[in-house]
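A look at the structure
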2 protein chains.
Amino acid sequence: MRATVLVRPKPGILDPQGQAVESSLRHLGFKVSDARIGRLVDVDLATDDKAEALAQLERMCEQLLTNPLIESYEIELEHA
Amino acid sequence: MRATVLVRPKPGILDPQGQAVESSLRHLGFKVSDARIGRLVDVDLATDDKAEALAQLERMCEQLLTNPLIESYEIELEHA
């Protein structure tokens, strides 16, 4: 089963990369505010069970993919 | 209008960060394959018109947010 994990800086956490992108977009003439940069992880899981996949992905996020102090995550499952 | 741009390495483009994550996940005991790392940009647009927002986001992607040679992007709009 294919899944995507979206990782974002938590509200209130400084995001200098997002500030740089926002400033650059404004210089290019775009009317934007509050740009934030996160990352995404696409991964193929061996299991096809949705509950099992979610449980595994949550453990991956806690153990490796995110820093829970400063980042929040969102899990999206795609059916194969 | 709030929008999210998902940026991924194109198929065939080497993704050493994804390989490192995949290898680490396996060492932790997860059965995964083909991990790929991308990034996401959350941004607030001044416009509330969907077509206008999409057009602006495509221009942002071409001008600043992505490298079209090696990355693909996907735009998600959220209504305010």
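Structure's up top.
Treat the numbers as computed from the prediction; the structure is a model and nothing was measured. (Residues numbered from 1 in each chain as written. Chains lettered and ligands numbered in written order. Predicted model: local features only at pLDDT ≥ 70, side-chain atom pairs only at ≥ 80, totals over all residues. Heavy atoms only, no water.)

Examining the interface of chain B and chain A
- Taken together, the contact pairs 32 residues of chain B with 32 residues of chain A.
- Both sides together, the interface formed by chain B and chain A hides about 2700 Å², and carbon and sulfur atoms give 63% of it.
- By the criterion of area lost to chain A, the three top residues of chain B are Phe30, Leu40 and Leu64 of chain B, representing 21% of everything that side buries.
- There are 4 salt bridges connecting chain B and chain A.
- Between Asp34 of chain B and Arg2 of chain A there is a salt bridge, with its nearest N and O atoms 3.7 Å apart.
- Those elements giving two or more residues to the side of chain B that touches chain A turn out to be strand 1 (2–9), helix 1 (16–27), strand 2 (32–45) and helix 2 (50–65) of chain B.
- If you tally residues by element for the side of chain B that touches chain A, the top one is strand 2 of chain B, at 14 residues.
- Bridging between strand 2 (residues 32–45) of chain A and strand 2 of chain B involves 11 bridges; their strand directions are antiparallel. Within strand 2 of chain B, the residue paired with Arg36 of chain A across the bridge is Asp42 of chain B. (Contact = heavy atoms within 4.5 Å. Buried area = accessible area lost by both parts, 1.4 Å probe. Salt bridge = Lys/Arg side-chain N within 4 Å of Asp/Glu carboxyl O. Helix = DSSP H or I, 4+ residues; strand = E, 2+ residues; numbered from the N terminus. Pairing = 2+ DSSP bridges.)

Just geometry here; none of it tells us what the structure is for.
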